[in-house]
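Understanding the architecture of this molecule
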Amino acid sequence: MALLSPVLPTFSSLSPNLSQKLHRTLLPKKKSSLFLTRGTGNGAGNVGSAAVEEKLEEKKEGAIPLESEEKKVEEKLPPESPDSNGAAVKAVVPTFNDRRWVGGTWDLKQFETDGKTDWDAVIDAEVQRRKWLEDNPEASNNDEPVIFDTSIIPWWSWVKRFHLPEAELLNGRAAMIGFFMAYFVDSLTGIGLVDQMGNFFCKTLLLIAVAGVLLIRRNEDIDTVKKLLEETTFYDKQWQATWLEDETPRVSNKE
Amino acid sequence: MASLSSPTAAARRQDSPLLPFVGLRRSPSDNCMPTSRNAVSSRRRLQICAAKSSPRLPGRPLRVAVVGGGPAGGAAAESLAKGGVETILIERKLDNCKPCGGAIPLCMVEEFDLPLELIDRRVTKMKMISPSNVAVDIGRTLKPHEFIGMVRREVLDAYLRDRAAEAGAQVINGLFLHLDPPESGEGPYRLHYNLYDRGRPSAAGDRQTVEVDAVVGADGANSRVAKSIGAGDYDYAIAFQERVKIPEEKMKYYEERAEMYVGDDVSPDFYGWVFPKCDHVAVGTGTVTHKGEIKRFQAATRLRARDKIEGGKIIRVEAHPIPEHPRPRRVLGRVALIGDAAGYVTKCSGEGIYFAAKSGRMCAEAIVAGSESGTRMIDESDLRKYLKKFDQMYWPTYKVLDVLQKVFYRSNSAREAFVEMCADEYVQKMTFDSYLYKRVVPGNPMEDLKLAVNTIGSLVRASALKREMNKITL
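What counts and how
Residues numbered from 1 in each chain as written. Chains lettered and ligands numbered in written order. Predicted model: local features only at pLDDT ≥ 70, side-chain atom pairs only at ≥ 80, totals over all residues. Heavy atoms only, no water. Helix = DSSP H or I, 4+ residues; strand = E, 2+ residues; numbered from the N terminus. Contact = heavy atoms within 4.5 Å. Areas by Shrake-Rupley, 256 points an atom, 1.4 Å probe, with all protein chains shown as cover. Phe/Tyr/Trp six-rings, centres within 6.5 Å; stacked < 30°, edge-to-face > 60°. Buried < 20%, exposed > 50% of the residue type's maximum accessible area, 1.4 Å probe, protein only. UniProt positions renumbered as here; feature names shortened; annotations may be inferred. Pairing = 2+ DSSP bridges. 1 Å grid on protein atoms, 1.4 Å probe; cavity = no way out; pocket = protein on both sides within 12 Å on 5 of 7 lines; lining within 4 Å. Points joined across faces, edges and corners; volume = space filled by probe spheres on them. Axes fitted to C-alpha atoms, helices over the stretch in contact; angles between N-to-C directions. Parallel < 35°, antiparallel > 145°, perpendicular 65-115°, else oblique. Left-handed = near helix turned anticlockwise from the far one by under 90°. Nonpolar A, V, L, I, M, F, W, Y, C, P; charged D, E, K, R; others polar. pLDDT = per-residue confidence, 0-100. Salt bridge = Lys/Arg side-chain N within 4 Å of Asp/Glu carboxyl O.

With that settled, consider the overall build of chain B. In terms of helices and strands, chain B carries 14 helices and 18 strands. Once local pairs closer than 6 in sequence are excluded, the contacts in chain B between residues at least 24 apart make up 72%. When the accessible surface of chain B is totalled, it reaches about 19,200 Å², and 55% of it is carbon and sulfur.

On inspection of all chains with the given rule, the structure shows 26 aromatic pairs over all chains. Taking 4.9 Å as the distance between ring centres and 70 degrees as the angle between the ring planes, the aromatic pair formed by Tyr253 of chain B and Tyr254 of chain B counts as edge-to-face. The pair formed by Tyr253 of chain B and Tyr254 of chain B is uniform in burial state, with each residue classed as buried. Aromatic pair Phe390 of chain B and Tyr394 of chain B: ring centres 5.2 Å apart, planes at 55 degrees, arrangement tilted. With Phe390 of chain B and Tyr394 of chain B both in helix α11 (residues 380-408) and four residues apart, the pair spans about one turn of that helix. The pair Phe390 of chain B / Tyr394 of chain B is uniform in exposure class, with both members buried. Three or more aromatic residues joined by ring pairs make a cluster, and in this case those are Tyr235 and Trp239 of chain A together with Tyr344, Tyr354, Phe355, Phe390, Tyr394, Trp395 and Tyr398 of chain B.

A separate point is the UniProt feature "domain: FAD-binding" (unreviewed entry) in chain B. Here, the residues flagged by UniProt with the feature "domain: FAD-binding" (unreviewed entry) are residues 63-93 of chain B. As a span, residues 63-93 of chain B carries 39% helix and 35% strand, and end to end its C-alpha atoms are 23 Å apart.

The subject of this paragraph is unusual backbone geometry. Most peptide bonds adopt trans geometry, and most residues besides glycine take a negative phi value. The phi dihedral of Asp114 of chain A falls on the positive side, at around 50 degrees, and the residue is not glycine. Relative to the helices and strands, Asp114 of chain A resides in the loop between β4 (112-113) and β5 (116-117). The exposure class assigned to Asp114 of chain A is exposed, which follows from its relative accessible area of 64%. Phi is positive for Asp113 of chain B, which is not a glycine, with a value near 55 degrees. Secondary-structure assignment places Asp113 of chain B in the loop between α3 (106-111) and β4 (119-123). Classification of Asp113 of chain B as exposed rests on a relative accessible area of 58%.

Residues and elements named next belong to chain B. Among the seven residues of strand β9 (residues 189-195), five are classified as buried, and the element is accordingly described as predominantly covered. Bridge count for strand β8 (residues 170-180) against β9 is six bridges, and the pairing is antiparallel. Looking across to β9, one finds that Asp180 is bridged to Arg190.

Structurally, Ser132 of chain B can be placed in the loop between β5 (125-129) and β6 (135-138). Dropping the residues within four chain positions of it, Ser132 of chain B is found in contact with Arg129, Arg130, Leu133 and Val146 of chain A together with Glu416 of chain B.

Bringing the layout of surface pockets into the picture now. Quantified by volume, the second largest pocket comes out at close to 1,700 Å³. Secondary structure elements with two or more residues in the lining of the second largest pocket: α5 (155-189), α7 (200-215) and α8 (220-244) of chain A together with α11, α12 (412-422) and α14 (445-471) of chain B.

Residue and element names in this part refer to chain B. Two elements in contact, helix α10 (residues 353-370) and α11, have axes separated by 8 Å at closest approach and are oriented at 150 degrees. Considering the angle they form, α10 stands roughly antiparallel to α11. With respect to the hand of their crossing, α10 and α11 are arranged in right-handed fashion. Residues Tyr354, Phe355, Lys358, Ser359, Met362, Cys363, Glu365, Ala366, Ile367 and Gly370 of α10 lie in contact with α11, whose contacting residues are Asp382, Leu383, Tyr386, Lys389, Phe390, Met393, Tyr394, Thr397 and Tyr398. In terms of residue class, the contact of α10 with α11 is built from 12 nonpolar, three polar and four charged.

The next subject is the confidence of the model for chain B. Residues and elements named next belong to chain B. Model confidence for chain B is summarised by a mean pLDDT of 84, while 87% of its residues fall at 70 or above. Here residues 1-51 is modelled with pLDDT under 50, and outside its nearest four sequence neighbours on either side it reaches 90 contacts, counting other chains as well. Overall fold confidence (pTM) sits at 0.75, and the ipTM for the predicted complex is 0.76.

Time to look at the pattern of salt bridges. In this structure the tally under the stated criterion is 47 salt bridges over all chains. The salt bridge involving Glu468 of chain B is made with Arg161 of chain A; its shortest N-O contact spans 2.3 Å. Of this pair, Glu468 of chain B sits in helix α14 while Arg161 of chain A sits in helix α5, placing the two residues on different chains. Here Glu468 of chain B matches Arg161 of chain A in class, with each residue buried. In this structure, the salt-bridge partner of Lys399 of chain B is Asp236 of chain A, at a minimum N-O distance of 2.7 Å. On the criterion of chain membership, the pair formed by Lys399 of chain B in helix α11 and Asp236 of chain A in helix α8 is interchain, its members lying in two chains. Note on Lys399 of chain B: relative accessible area 18%, which makes it buried. The network of salt bridges with common partners includes Asp236 of chain A together with Glu324, Lys347, Lys399, Asp402 and Lys406 of chain B.

Next comes the structure, spelled out in structure tokens:
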């Protein structure tokens, strides 16, 4: 570890949160430099592309240079940073930029603390990237492919982060439901707890209880499940429609 | 005659199904019917009659009009004419170049005996691109002779129509207006149409009327035949597409590759595409739920593909409705709907050419069989046989694609999982097999299980990230 630490950038010594905040404040500056390099060649002003747009609506055919079209697209994007108001950097798509995003993936070395990769920070970083891309979609490029795959993050770090906070609640709920169901079954049928375990019906109940607890975590989930059921049968109904009308030949052909 | 025919008629009555096939449950109540059941309000009494007992036609073959000369109409007219039925095919625009992806599966080439010259491009690589720009190449599992054919619709349609004409169908360049139902049971349908004269192409055409015994509606999404039998409406997606001529060196990349972009920016419920055409690419997207915003989605598609189509010129802009599900009624009396008019387009992939041609052929075969090669009158039960066969054969395909669309086009996180899943070779093999040959091959159970686990893993991971994304603000 002692050997490794000098190699690490100084940021890694900070807490991940802090480094992100710091980074976010750095972001606009980086963007602006990028705008300038990307912005060359897109000199034409606003008026030209508006005219193109009109022409397109009037006449659906005809050659329109795609480049001016693209400019229109870019201008439509909400200006993310104050920089984009400047005339020189107008009409350029901001791109995602992060020091730890290297060659289309997260550079795991930069996420190391104490010789171990801080997967939580990787998840955080990916969350940020996806959020950014949702607001500012980027062109996919064959020269810089995205190779990051969420499956490289080990399963336990997902569990630790997303399941454990809820696990207590779910386990508790399942246990209570199980207990009361066992109690009711016992009081209604006289089958004891031990016998219930060997009973097919009771096993099914148990399964339903567990599945129910997993599916319905909040009250809204009931609606979601209902909607889901409706949705799955909707297409069937659309196909059945023609069979549901009772058939008949409007006239009988028999003599 | 009566004594001979009655047992067979009785037997037919018993197994003469007219019931939905097993895959679809017949529900007792229909108050939850999706669309425009009111249009189909008249409750008709269940009564079955056997077509075998229908009268012979007096000294003439059965006359059938096929309205619409796309793949469905062309295929139907060909089979009808070959089966001894007097066929007319009414098409309003013989060089119609329909905006359409134009992808046909390999099995269509075989089944319809299409010459390979029809195929402009052979796509062997599909690229799926996720919202976070993860790109996956699908198609590594293809064998050397396997490909997805890309055709130009004007070429394919004309070829199928010509073949129908060769087989004996009469191709009429005219605009179908409406049809009058028969006055009596056996009476003819009267079709009204505007005949376009080759000599005066600009003229409105002469009004003509023709009498036929049965009508096959293959006139697409805005079907007039469907309207005239009160077939009801379907939801439709709007597909918007720009043909872009891109520089030669950029075109190389698309030589045998098609791209699919998924993401909320591109389409909330479908995908954006870049498909190679003969000498240009088609860039487009589609949606059902947000039709008003289609231009925004198109702009987003263009943006996502920007680096690969840079410097291109738009040579054509087109838009077209795509049916989402079959019409509430597909057969009435001696009128049947096929292809887009009936609503046979799959979800998820939006494929329709093959199913159109197949439904056309099946419908024609049912008519030929029911009329005993054009010698007897047909009735609704004969046409229902086509419906039954079609539904039985392709319902699973439609359902699977519907489920896929619902699961994986739901949100950006699901789309990420979808792309992750498509990276798997097993998935690619299964997808291509079912696409190219239109049959569902049972897979390896171990592989299926592995796939299920992986997919659920991908979905869980992606939705976990999604939940975090909702918490933060940039």
